[in-house]
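Observations on the three-dimensional arrangement
The residues making up each chain are set out below.
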Amino acid sequence: TTSNCGSDPPGPVAFDDADGDGSYDSGETTYTKRDLETGFDDPSVDLLIPSDVGVLEPKRTIRANSITLRTEIRARVSAVSLVADGDVDIAGQQISTRVKSISITAGQSGAGDLVASDAVLDANKPISLAASGDISLDGASLTAEGSGGLSADLGAADATLDVTGA
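Here the structure is a predicted model, which is why all the values come from computation and not from measurement.

Rules and cut-offs
- Residues numbered from 1 in each chain as written.
- Predicted model: local features only at pLDDT ≥ 70, side-chain atom pairs only at ≥ 80, totals over all residues.
- Heavy atoms only, no water.
- Pairing = 2+ DSSP bridges.
- Helix = DSSP H or I, 4+ residues; strand = E, 2+ residues; numbered from the N terminus.
- Axes fitted to C-alpha atoms, helices over the stretch in contact; angles between N-to-C directions.
- Phe/Tyr/Trp six-rings, centres within 6.5 Å; stacked < 30°, edge-to-face > 60°.
- Buried < 20%, exposed > 50% of the residue type's maximum accessible area, 1.4 Å probe, protein only.
- Core = buried A, V, L, I, M, F, W, Y, C linked by side-chain atoms within 4.5 Å.
- Contact = heavy atoms within 4.5 Å.
- Salt bridge = Lys/Arg side-chain N within 4 Å of Asp/Glu carboxyl O.

1. Focus on the sheet that holds strand β8 (residues 94–97)
- One open sheet holds the four strands; their spatial order is β5-β8-β11-β14, and the pairing between them is parallel. Single-partner strands in this sheet number two, and they are β5 (73–75) and β14 (141–144). Across the sheet, the axes of successive neighbouring strands diverge by a mean angle of 0°, strand direction being ignored.

Written out as structure tokens, the structure is:
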């Protein structure tokens with residue numbers, strides 16, 4: 001397989017960033033918007049969702065080894081759930097749901113940090129953030145309206161919750 005570091009994936013698709021370089025390389029497996037919205041579940045994938053995918057409206061949980069989100073999630077009638085065995089990076093992204101909750105878990109079965117710096121999370125129900133490592137909310141805005149609440153669960157005694165500027 002030849003590698004074209006920094007090239008764009010073929011069309012508006014997410015991909016398995018197998019080499020962890022943050023860019024699409026020829027031969028990396030791609031996933032459509034529909035694949036993501038109907039319930040993505042592959043704990044072997046380091047999932048990178050670029051902005052070209054467009055606004056997501058997932059109907060089920062998105063689960064992968066790691067998740068890097070570079071586009072907006074807007075759920076109208078379903079909850080938003082992102083689960084990774086490793087890291088989750090949603091820095092600078094907007095995630096909203098009008099009638100359900102938002103749940104983001106990093107490090108479900110191993111070490112994992114949650115990076116939500118400058119992210120905007122908005123829900124009418126609870127917002128739950130969990131990580132076995134650090135959670136960074138630097139500059140983030142979290143709003144849980146109505147009967148909602150906010151929770152952050154650090155799964156390790158030496159983990160850090162960074163809320164600078166949040």
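2. Regarding the packing of aromatic side chains
- A full pass over the atoms with the stated rule returns two aromatic pairs.
- Pairing Phe 15 with Tyr 24 gives two aromatic rings, centres 5.5 Å apart and planes at 80°, and the pair type is edge-to-face.
- Its relative accessible area of 2% is what places Phe 15 among the buried residues.
- Taking 4.8 Å as the distance between ring centres and 75° as the angle between the ring planes, the aromatic pair formed by Tyr 31 and Phe 40 counts as edge-to-face. Phe 40 matches Tyr 31 in its accessibility class, with the two residues each being buried.

3. Quick look at unusual backbone geometry
- Unlike most non-glycine residues, Asp 118 shows phi in positive territory, near 60°.
- Tracing the sequence through the fold places Asp 118 in the loop between β10 (114–115) and β11 (120–123).
- Taking the relative accessible area as the measure of exposure, Asp 118 reaches 51% and is therefore exposed.

4. Digging into the pairing of strand β9 (residues 102–106)
- Buried residues dominate β9, accounting for four of its five residues.
- Both strand β6 (residues 80–84) and β9 contribute to a ladder of four bridges, which runs parallel. Residue pairing in the sheet places Val 80 in a bridge with Ile 102 of β9.
- For β9 and strand β12 (residues 127–131), the ladder comprises five bridges, and the chain directions are parallel. From the neighbouring strand, Ala 106 faces β12, where its bridge partner is Ala 131.

5. Examining the nonpolar core
- By size, the foremost hydrophobic cluster in this structure holds 35 residues, and its most contacted members are Leu 36, Leu 47, Ile 90, Ile 95 and Ile 104.
- Within the residue set of this core, elements represented by two or more residues are β3 (41–49), β4 (62–69), β5, β6, β9, β11 and β12.
- Discounting chain neighbours no more than four positions away, the residues touching Ile 104 are Leu 82, Val 88, Ile 90, Ile 95, Leu 114, Leu 121, Ser 128, Leu 129 and Ala 130.

6. Details of the pattern of salt bridges
- Considering all chains together, one arrives at seven salt bridges under this definition.
- Linking Glu 57 and Arg 76 is a salt bridge whose minimum nitrogen-to-oxygen distance equals 3.7 Å. One end of the pair, Glu 57, is in the loop between β3 and β4; the other, Arg 76, is in the loop between β5 and β6, with 19 residues separating them in the sequence.
- With a relative accessible area of 17%, Glu 57 lands in the buried category.
- Residues Asp 89 and Arg 70 are paired through a salt bridge, measuring 2.8 Å at the closest nitrogen-oxygen approach. Of this pair, Asp 89 sits in strand β7 (residues 88–89) while Arg 70 sits in the loop between β4 and β5, and the two are 19 residues apart along the sequence.
- Given the relative accessible area of 32%, Arg 70 is considered partly exposed.
- One salt-bridge network, held together by shared partners, links Asp 41, Arg 63 and Asp 85.

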